[in-house]
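Chain and residue survey
As a plain string of letters, each chain reads:
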Amino acid sequence: MTVPGKSEKALRQMRAIALCLAAVVPGMARTAMAQTDAQVRINQIQVIGTHNSYHAGFGPSATKLWKKMNPRAYAALNYRHPKLAVQLNAGVRQIEIDVFADPKGGMYAHPYGKTLIAQAGLPADPPFDPHHVMEKPGFKVLHVQDVDYRSNCEPFTECLKEVRRWSHQHPRHLPVFILVETKEHKLKHVGFPTVTPLPFTTDVLNNLDRAILSVFPRREIITPDDVRGSYATLNEAVKADNWPTLAKARGKVVFLLDQKSVGPAYLAGHPSLRGRVLFTNATPGQPDAAFIEQNSASASQINALVKQGYLIRTRTDEPGKQAPADDTSRRDEVLSSGAQILSTDYPASEKAASGYEVELPGNEAARCNPVLKPKGCISSDLPGTRSAH
């Protein structure tokens, strides 16, 4: 929070006094939080998210194999995250889950990477699917078919169950954004057989909604209908500042659809996302426009959209690029932007070997949006600290 005319020393003193008062009079802290919650909307904060939050990295033999076969690709894939609940406990408030359609089961149960490991004379890695979940029907969670297939949760519904368990253990948490990336592209020019994923048709996307609702009831989700309210379109609603307040959003999740290409199929029969669960990655000005990805946009481009009311997700880094050199230029640029969701492979709890990390001031889980500067918002009242959910 920036207060005109106040030095950093004075701000620290003010915060210390406020914390002391809150300790003496706990009700004062609760009242301040309630006031903030009633005034601040979910697009008026900023949080840290993780990229490919399910990603569990490679086994020892797969590491040797891919480093030899394609060291450049390996460098981009060489990262891993702990369990989703661990990330949420550490302050992450946006997670990303990649999903492949597998309505009959078994499509991804026998990745060709295991065959390549055997052909190379390397010992078999520990089982990636010890409970044979991949044989069963349902959306599967992995990064690259036949190549990068280890996940810290499986299948998709189990990932969601882990988030919901955490949510119920922290009922006053700030909204958790769940970015869902639909994977449907065939690998090209890899030199070995790979599975061709099923396309995400409207029917498949209907099943995706059903899978989500089999875990999270609608009352625990902020849906497009909640944001649209009485407005004709989502675009009108967000431009009229109709995102829900934190008072209405605490303890809930928000589902975001990553791939812009599946937007038309998801919108089919659901104009402006009526009755849908996920927000599409939309084009500004379109009826469904509420959430927009700007992964490589400049801060000024992001800020122009934020000021129109849109929810923006951007990347602070890409695998194998900024982190090895501890290059913080992109990170620092978007930290100062109004992007509400800052996605990284290296949150403060998962610092890179180079020392590269991404965190908000004070290592909090959220802060007041630095561009929107919502009236009545005090970051310490969100609460933002990891210890305070």
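In this report, we go over the structure that sits alongside the text. Note that the structure is predicted; figures quoted are calculated from it, not measured.

Of the regular secondary structure elements, the protein holds 14 helices and 8 strands. The C-alpha atoms of the protein give a radius of gyration of 21 Å, which matches the 21 Å a tight globule of 389 residues would have. Across the 389 residues of the protein, 52% fall into the buried class. Accessible surface, the protein: about 17000 Å² in total, of which carbon and sulfur atoms supply 55%. If the 47 positive side-chain charges of the protein are averaged to one point and the 37 negative ones to another, these points end up 3 Å apart.

What follows is about the state of the cysteines. For the structure on display, the rule yields 2 disulfides. A disulfide bridge connects C368 with C377, and the sulfur atoms are separated by 2.1 Å. Its S-S torsion of approximately -90° makes the covalent link between C368 and C377 left-handed. With respect to class, C368 is no different from C377; both count as buried. Here the cysteine-cysteine linkages of the protein are recorded as 1-2, 3-4, numbering only bonded cysteines and doing so in sequence order.

Applying the stated criterion to the full structure yields 9 aromatic pairs. Ring geometry for Y346 and Y356: centres 6.0 Å apart, planes at 90°, overall edge-to-face. Placement of the pair is Y346 in the loop between β7 (341-344) and β8 (366-368) and Y356 in the loop between β7 and β8, with a sequence separation of 10 residues. The exposure class assigned to Y356 is buried, which follows from its relative accessible area of 0%. Members of the aromatic cluster, joined through ring pairs, are W66, Y112 and F192.

All told, the structure shown has 16 salt bridges when counted by the stated rule. D98 is paired through a salt bridge with K183; the nearest N and O atoms lie 3.1 Å apart. With a gap of 85 residues between them, D98 in strand β2 (residues 94-99) and K183 in the loop between β3 (176-182) and α8 (202-213) connect regions that are remote in the sequence. Take D98: its relative accessible area is 0%, and that puts it in the buried class. By relative accessible area, which is 16% here, K183 ends up buried. In this structure, R228 engages D225 in a salt bridge whose closest nitrogen and oxygen atoms are separated by 2.7 Å. Residue R228 and its partner D225 are located together in helix α9 (residues 224-228), separated by 3 residues, close to a single helical turn. By relative accessible area, R228 is classed as buried at 2%. Given the relative accessible area of 30%, D225 is considered partly exposed. One network of salt bridges, in which partners are shared, links D37, R172 and R250.

The next subject is unusual backbone geometry. Residue P155 is bonded to the preceding E154 through a cis peptide linkage, with omega at -5°. For D146, which is not a glycine, the phi torsion comes out positive at approximately 70°. When you line up the elements, D146 lands in the loop between α6 (112-119) and α7 (156-169). A relative accessible area of 6% means that D146 is categorised as buried. Phi is positive for D326, close to 50°, though the residue is something other than glycine. By relative accessible area, D326 is classed as partly exposed at 34%.

Moving on, we get to the environment of A348. One can find A348 in the loop between β7 and β8. Along the chain, A348 and S336 lie 12 residues apart, while their C-alpha atoms are 17 Å from each other. Excluding residues within four positions of it along the chain, A348 makes contact with E357, V358, E359 and N363.

Take the packing of helix α3 (residues 60-69) against α6 next. Their axes nearest at 10 Å, the elements α3 and α6 cross at an angle of 80°. On the basis of the axis angle, α3 is roughly perpendicular to α6. The residues of α6 that touch α3, namely those facing S61, A62, L65 and W66, are G113, L116 and I117. Class assignment of the residues belonging to the contact of α3 with α6 gives a composition of 5 nonpolar, 2 polar and no charged.

The rules behind each value
Residues numbered from 1 in each chain as written. Predicted model: local features only at pLDDT ≥ 70, side-chain atom pairs only at ≥ 80, totals over all residues. Heavy atoms only, no water. Helix = DSSP H or I, 4+ residues; strand = E, 2+ residues; numbered from the N terminus. Rg over C-alpha atoms; globule rule 2.2 N^0.38 Å. Buried < 20%, exposed > 50% of the residue type's maximum accessible area, 1.4 Å probe, protein only. Areas by Shrake-Rupley, 256 points an atom, 1.4 Å probe, with all protein chains shown as cover. Lys, Arg positive; Asp, Glu negative; His and termini not counted. Charge placed at Lys NZ, Arg CZ, Asp CG, Glu CD. Disulfide = S-S within 2.5 Å. Phe/Tyr/Trp six-rings, centres within 6.5 Å; stacked < 30°, edge-to-face > 60°. Salt bridge = Lys/Arg side-chain N within 4 Å of Asp/Glu carboxyl O. Contact = heavy atoms within 4.5 Å. Axes fitted to C-alpha atoms, helices over the stretch in contact; angles between N-to-C directions. Parallel < 35°, antiparallel > 145°, perpendicular 65-115°, else oblique. Nonpolar A, V, L, I, M, F, W, Y, C, P; charged D, E, K, R; others polar.

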